[in-house]
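The primary structure of each chain is shown beneath.
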Amino acid sequence: VRILNEKEVDELIVLDITASQEKTPLDWELISHISRECRMPLCYGGGIESFEEIEKLISFGVEKVAIGRTSFLNPSVIKKAVKSFGSQSIVGVLDVKKIGFRKNYEAFVLRGSNSTKLNHVEYAKYLINLGVGEILLQNIDLDGKMKGFDIQLINDVYTNINIPLTVLG
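As the structure is a prediction and not an experimental result, all values here were calculated from the model.

**Concerning the environment of Asn 104**
Then, number 1: Along the polypeptide, Asn 104 turns up in strand 5 (residues 104–109).
Then, number 2: Sequence separation of Asn 104 and His 120 is 16 residues, and the distance between their C-alpha atoms is 9.0 Å.
Then, number 3: The residues contacting Asn 104, other than those within four sequence positions of it, are Lys 97, Lys 98 and Ile 99.

**Some words on the nonpolar core**
Then, number 1: Ranked by size, the top nonpolar core spans 38 residues in total, and within it Ile 90, Leu 94 and Ile 135 carry the most contacts.
Then, number 2: If sequence neighbours within four positions are ignored, Ile 135 has contacts with Val 91, Gly 92, Leu 94, Ala 124, Leu 127, Ile 128, Ile 161, Ile 163, Pro 164, Leu 165 and Thr 166.
Then, number 3: Core analysis: the second largest hydrophobic core is formed by five residues, Cys 43, Val 91, Val 93 and Leu 136 among them.

**So, the pattern of salt bridges**
Then, number 1: Throughout the structure, instances matching the rule amount to four salt bridges.
Then, number 2: A salt bridge links Arg 2 to Glu 37; the shortest N-O distance between them is 3.0 Å. Taken together, the residues span a long stretch of sequence, with Arg 2 in helix 1 (residues 2–6) and Glu 37 in helix 3 (residues 28–37) at a distance of 35 residues.
Then, number 3: Classification of Arg 2 by relative accessible area gives exposed; the value is 55%.
Then, number 4: Look at Glu 37 and you get partly exposed, because its relative accessible area is 21%.

Here is what the cut-offs are and how they apply
Residues numbered from 1 in each chain as written. Predicted model: local features only at pLDDT ≥ 70, side-chain atom pairs only at ≥ 80, totals over all residues. Heavy atoms only, no water. Helix = DSSP H or I, 4+ residues; strand = E, 2+ residues; numbered from the N terminus. Contact = heavy atoms within 4.5 Å. Core = buried A, V, L, I, M, F, W, Y, C linked by side-chain atoms within 4.5 Å. Buried < 20%, exposed > 50% of the residue type's maximum accessible area, 1.4 Å probe, protein only. Salt bridge = Lys/Arg side-chain N within 4 Å of Asp/Glu carboxyl O.

Printed below as a string of structure tokens:
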């Protein structure tokens, strides 16, 4: 984090991608330490299940909270967080992969293990209807493969939303 501060990075996103699936508790000590050192906007995501956890993250100095599975399984948590902290503080995670004979995009949660049964654009609009102020988009199939971004996926989502889009993977 100190190196990123020196490099004047615009934003730091920290994602615990195994937290929800492995049901590990949030590492409050680590989050607190990162937040205290960070001199740029900080976004944290992974394993967040309750409004109280979102509230605690924000009290630690986390500016944005990225929510994946909970957006789908317990949308009232997201609505309450948006009402309390503003849409700019809540980031909806949109993880997709191609499925079926036609290789259509479908939105998934829990590191790609549970399908939402919605396509990428439908799920982006679902997140917007919950009130999120930003979408964090990833093609699960390409993550870690060093093949570059999925431009078709990015364009499909970008042209159908009116909020900021951050792409990873």
